[in-house]
Amino acid sequence: MSTRTPARKYITANEAVACAARLARVEVIAAYPITPQTTIVEKLASFIARGEMDADFIKVESEHSALTACMGARMAGVRAFTSTSSQGLEYMHEMLAYVSGGRYPLVLVNVCRSVALPWSIWGDQQDAIQQRDTGWIQIFTETGQEAMDMVLQAYRIAEDHRILLPVMICLDGFIQSHTEELVEIPDQESVDSFLPPYDPVVTLDVDNPHTISMGGFGKHYAAWRREQQAAAEKAGEVIVEVGDEFARVFGRHYGGLIEPYRCEGAEAVILLMGALTGTAREVVDEMRADGQAVGLIKVRAFRPFPVQSLRQALSLVKAAAVLDRDCSWGYGGALATDLKAALYSLPNPPAMLNFIGGLGGADVSPEQMKYMLDKALAAKKGAPSSMEFIDL
Amino acid sequence: MKLKEISREELFRSSYGCAGCAAVLAVRLTLKVLGRNCVCVVPANCISTVSCYYPQTPFFVPMTVMAFAATGAALSGISAGFRRRGREDISVVGFSGDGGTADIGIQSLSGAIDGGYKFIYICYDNEAYMNTGIQRSGLTPYGATTTTTPAPCFETESKKDMLRIVAAHDIPYAATACTSYPLDFMQKVARANRVNGPTYIHVLAPCPTGWGFAPDRAIELGRMAVESGFWRLVELENGKLRTTHKPSRRRSVAEYFAAQTRFRQLSPEQIEEIQRNIDRRQAAGQAFSATG
């Protein structure tokens, strides 16, 4: 662990993320403004303008171009960063698959926001969830500190030669992006010791010319995709490994792919991703104080999906209440439906109660979370799964 | 540039291009000028379709395929990356077709010129989406049939004037060219390569498959396009437009149209009107126009 005293500041998660990009010695930034992400790029632009960061800020006319330009910088062999939200992430969709398929280890921060229509600038996680199958590692964070720490870890994970996949760090719009919290900002030397310079496997190299991204037919195509899947699965181990290493250097540990909280002997647990975890912790504490056997599982990695960790954590639980700030229309919340698939072959799986809530920036109150857990406590094992919109 | 100065080294060879493909020729000639110290970006188009399928590639310089709409931004990003690494000596060149330039890629191109990084954007123009089977693009000329403007109808809008569009960005260097005038084209590539900023070259590349002429006539067709005034060879440097080649003989548009099948459905009166438009534009000395 570092012996230096890190700076502690009241800053938003957006500012924390900008600090992380600077500490990661990112050399190329390309981003386009969108609420609630905008203050990240404003901050980075101001770092560069004041000479506090040595990087190129590429002026682009859209998110599609922002992500393309970052991929181009990676092809030239330098570390790049971009961030966006909502419609911006949707607009990047085509390039998200290009980046992951090309195995370019980019890091993108998505400040989660609802997706039009109906149009809303407020937070939910529909934007990130709609990119689930683009091949990006997706990690959801709870606080400004975790968002900052995960950006630093994301470069290590993405650039690991066993992985070479892009990482999307998600933080919740407004709850994190516009709320100041006390954040510990590590010193540059410690970050440098944790995150070595980018060591690309392949670049556009005039001395060693290659066609670095190309077409593939039949078995070549399938082989490429199988390798991509193997890397995405392997990423689960590497996320844990890098998290442990981060804890050794900086003293903060977030629990790997999932973070179970007070799950010992729990009959019912609430599962969720992102900033609302803070509220759920308090609700669980209160219900535990009342003698109720409830717990919480914060799902941190959504892709790769932590199948084994969740099966282990839920094998003895009677019922799971899953809060989704998103929906796969025509099926259910993405976390709940993926969880159901993960638990499929458990001999005696928990009852599954899916709650869709916090959509379009709606508050999810402690009372609502208590309601979910009460319902889960009352559910019997083997009961058919349910789905309920709680914002109405 | 003289003929004997042209490099004998082939850095783009053995593609699956159609016989007589002038787009392939445009890439080959460009790389003869830029040499090995360059990297290429090729979005969805004929070039990427006839070249880069694992495990084969006709490119002997570093190359990447790119999303259809993304050429400009990719050039910016790669150029920024090389700038960071102190390798601004490397030429970063894109080869985009007419649809990839004037339609789906126009936003990214505009953003990239505005972004100011050093690159050469080459639009090879075969006047339709040839790779997907000859569909009309924003650069299909008035009067041409395509599979989405089929006979007895034809394209009813005139060709977008990309030169004027890029000129409106205050681009440091832009030019039109045609593969039938290789020295003129290659000289323009060499000039663009000396500019420390965004540059644009629009090269007309006759397409035997899409235009309807025999593969051995691609050079002749390009010459007819210029000699008929249908296409002009100009250069725009720091806001000044210069004609780089004035054809010594004039042909009629009717003669150019008759040499290919895609204008067959035009009546003599319609062709005469096109001729009058070209004559009028030429008489007016219309600035910044690639056509007429």
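Procedures and definitions
Going along each chain's sequence as written, the residues are numbered from 1 onward. Key to labels: chains lettered from A, ligands numbered from 1, both in the order written. With the structure being a predicted model, the display of local features is reserved for residues of pLDDT at least 70 and the display and counting of side-chain atom pairs for 80 or more, all residues being used for whole-chain, interface and lining totals. The side-chain figures draw on all heavy atoms in the structure; neither hydrogens nor water molecules are used. For every residue, the accessible area obtained with a 1.4 Å probe (protein chains only) is divided by the maximum for its type, and the residue is called buried under 20%, exposed over 50%, and partly exposed between those limits. A run of H or I in DSSP counts as a helix once it spans at least four residues, and a run of E counts as a strand once it spans at least two, with each numbered from the N terminus. The criterion for strand pairing is that DSSP finds at least two bridges linking the strands in question. If you view a crossover with the strands going away from you and the path from the first strand over the helix to the second runs clockwise, you call it right-handed. Here, residues are in contact when the closest pair of their heavy atoms is within 4.5 Å. What gets called buried area is simply the loss in accessible area from a 1.4 Å probe that two parts show on being joined, summed for both. For salt bridges, the criterion is a side-chain nitrogen of Lys or Arg within 4 Å of an Asp or Glu carboxyl oxygen. Under the scheme applied, nonpolar residues are Ala, Val, Leu, Ile, Met, Phe, Trp, Tyr, Cys and Pro; charged residues are Asp, Glu, Lys and Arg; polar residues are all the others, including Gly. Throughout, an axis means a line fitted to C-alpha atoms (over the contacting stretch in the case of helices), and angles, computed between N-to-C directions, take values from 0 to 180 degrees. For this classification, under 35 degrees means roughly parallel, over 145 means roughly antiparallel, 65 to 115 means roughly perpendicular, and everything else is oblique. Residue count minus one, scaled by 1.5 Å, sets the expected span of a helix.

## Points about the pairing of strand β6 (residues 137–140) of chain A
All names here are of chain A. Where burial is concerned, the two faces of β6 agree: the one with I137 and I139 and the one with Q138 and F140 are both buried. In this structure, β6 lies alongside strand β7 (residues 167–172), joined through four bridges in parallel fashion. In the strand pairing of β7, I139 is matched with I169. Where the polypeptide runs from β6 across helix α6 (residues 144–159) and back to β7, its parallel neighbour, the crossover connection is right-handed.

## Considering the interface of chain A and chain B
Taken together, the 38 residues of chain A in the interface contact 41 residues of chain B. Interface area, chain A with chain B, both sides summed: about 3000 Å², of which 62% is carbon and sulfur. In terms of surface lost to chain B, no three residues of chain A exceed D56(A), L204(A) and V206(A), which account for 20% of the buried area on that side. One can count four salt bridges joining chain A with chain B. Take the side of chain A that touches chain B: its biggest share by element is eight residues, from helix α3 (residues 63–75) of chain A. For the side of chain A that touches chain B, the per-class residue count stands at 18 nonpolar, twelve polar and eight charged. In terms of strand pairing, strand β9 (residues 211–213) of chain A meets strand β2 (residues 63–66) of chain B through two bridges, oriented parallel. Considered in β2(B), the bridge of T211(A) is made with M63(B).

## Here we look at the packing of helix α3 (residues 71–84) of chain B against helix α5 (residues 106–115) of chain B
Two quantities define a packed helix pair, namely the angle between the axes and the distance from one axis to the other. Residues and elements named next belong to chain B. Look at α3 against α5: their axes get within 6 Å of each other, and the N-to-C directions meet at 30 degrees. Considering the angle they form, α3 stands roughly parallel to α5. For the pair α3 and α5, the contacting residues are T71, G72, A73 and S76 in the first and S108, L109 and A112 in the second.

## Considering helix α12 (residues 366–378) of chain A
Residue pairs three or four apart in sequence face the same way in an α-helix, which turns once every 3.6 residues. Here α12(A) spans 18 Å end to end across 13 residues, near enough to the 18 Å set by a 1.5 Å rise per residue. Where the residues of α12(A) are buried, they touch β11 (268–272), α9 (277–289), β12 (294–299), β14 (319–324) and β15 (351–356) of chain A.

## Side note on the sheet that holds strand β1 (residues 38–43) of chain B
One open sheet accounts for nine strands, arranged β9(A)-β2(B)-β1(B)-β3(B)-β4(B)-β6(B)-β5(B)-β7(B)-β8(B); its pairing is mixed. Edge positions in the open sheet fall to β9 of chain A together with β8 (240–245) of chain B, since each of these has one partner strand only. Mean inter-strand twist for the sheet, computed between neighbouring axes without regard to direction, equals 20 degrees. Sheet topology note: the strand β7 (residues 233–237) of chain B/β8(B) ladder contains five bridges and is antiparallel. Bridge assignment links E237(B) to a residue of β8(B), and that residue is K240(B).

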